[in-house]
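Topology and contacts: notes
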Amino acid sequence: VTITTAIVAPRLIAAQEQRKVVVWSEGTANVDAVSKKVYPNDINFAIAEGLKPLASQGWEVISASLNDPDQGISESRLNNTDVLIWWGHKKHGDVNDDLVNRIAARVTGGKMGFIGTHSCHFAKPFKKLMGTRCSWREYVDDGTSAEIIVKLPDHPICKGVKNFKLPKIERYGEPFAVPEPEAVPLDGIYTKPNGQTESARMGLCWTIGKGKVFYFTPGHETFNDYYLPEVRQIFVNAVQWAAPK
Ligand code: ZN
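Conventions we followed
Residues numbered from 1 in each chain as written. Predicted model: local features only at pLDDT ≥ 70, side-chain atom pairs only at ≥ 80, totals over all residues. Heavy atoms only, no water. Core = buried A, V, L, I, M, F, W, Y, C linked by side-chain atoms within 4.5 Å. Buried < 20%, exposed > 50% of the residue type's maximum accessible area, 1.4 Å probe, protein only. Helix = DSSP H or I, 4+ residues; strand = E, 2+ residues; numbered from the N terminus. Contact = heavy atoms within 4.5 Å. Pairing = 2+ DSSP bridges. Salt bridge = Lys/Arg side-chain N within 4 Å of Asp/Glu carboxyl O. Expected span 1.5 Å × (residues − 1). Arc of directions from axis to C-beta.

Let us look at the nonpolar core. The nonpolar side chains of a soluble globular protein tend to be buried, and buried together. Core analysis: the biggest nonpolar cluster contains 76 residues, and L51, I85, W86, F114, F126, L186 and F214 have the highest contact counts within it. Looking at this core element by element, the count peaks at eight residues for helix α7 (residues 229-242). Discounting chain neighbours no more than four positions away, the residues touching L51 are V21, V23, V61, I85, F235, V236 and V239.

Below, the structure written as structure tokens:
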């Protein structure tokens, strides 16, 4: 009996310490010819690939899609997910309201963190958590570039990240109709094709109920943002920041 206990106990501890991040997308970023070249396996796969460093720290990384059974997030999966990352664009309306309510309840109950990125600003779970319109002033894909500015270098989400440039970005113009964030670790300066510059928030943090929420602006489906080392470091950091403690 003593020997069995000694063998089993470490496994039990390991199981309890295993944490899970689910990267969800709607399956539309690998459909048209241009985005398919950038994200042949969709955006969830590219973000999940960037989270590989978390595996050595006890994290399980799962890719999920709207096209999967239970829209990628069954009740049992949701109930042991520590952080949910969400990318959507064209199919926000297809996501079941019941699933949206369960996601929001898990976040506000302090059981799960939520990370939304780019066109997720209009995703149902994000809007439910924010409780506002979540619109930007404009959305322009005109060859604008951007510099992402590490505004709060001591913030956990900025660990190991320095200012970096995105040669092309879809410009999301301020104001962004969300509640006042508790922190804005990342800012950005857009440079338009005519040379004019405009600043906008790029990484915003909230605590909603008892749960952490992070939004990251870049991530248009025809640009390779989710492969960039700086962006991948931001997501690795954000998962650890958003996870319930
Ligand atoms: Zn976009």
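The subject of this paragraph is the environment of V150. Mapped onto the secondary structure, V150 falls in strand β6 (residues 145-150). Spatially, the C-alpha atoms of V150 and G58 are 28 Å apart, while their sequence positions differ by 92 residues. In this view, V150 contacts C158, V161, K162, N163, P185 and L186; residues no more than four positions away in its chain are not counted.

Turning to the pairing of strand β1 (residues 19-25), a few remarks are in order. The buried fraction of β1 amounts to six of the seven residues, a majority that puts the element mostly inside the structure. Pairing of β1 with strand β2 (residues 59-65) involves seven bridges; the strand directions are parallel. What sits directly across from V22, in β2, is I62. Note: β1 against strand β3 (residues 83-87), five bridges, orientation parallel. Note on β3: the bridge partner recorded for V23 is I85.

By the definition in use, this model includes twelve salt bridges. Measuring nitrogen to oxygen at the nearest pair gives 3.6 Å for the salt bridge that ties D187 to K151. Within this pair, whereas D187 is found in strand β9 (residues 183-191), its partner K151 is found in the loop between β6 and β7 (164-166), the two being separated by 36 residues in sequence. Under the relative-accessibility criterion, K151 is labelled partly exposed at 44%. Each of R137, E138, D142, R171, K192 and E198 takes part in salt bridges that share partners, so that together they form one network.

Turning our eyes to something else, we now look at helix α5 (residues 97-108). End to end, α5 covers 16 Å across twelve residues, agreeing with the expected 16 Å (1.5 Å per residue, within 8%). L99, V100, I103, A104, R106 and V107 are the residues of α5 that are buried. Down the axis of α5, the smallest arc covering the buried residues is 160°, so these residues share one side. Of the surrounding elements, those touching the buried residues of α5 are α4 (75-79), β3, β4 (113-117), α6 (124-130), β10 (197-208) and β11 (211-216).

The quantities given are spatial measurements derived from coordinates; they are silent on function.
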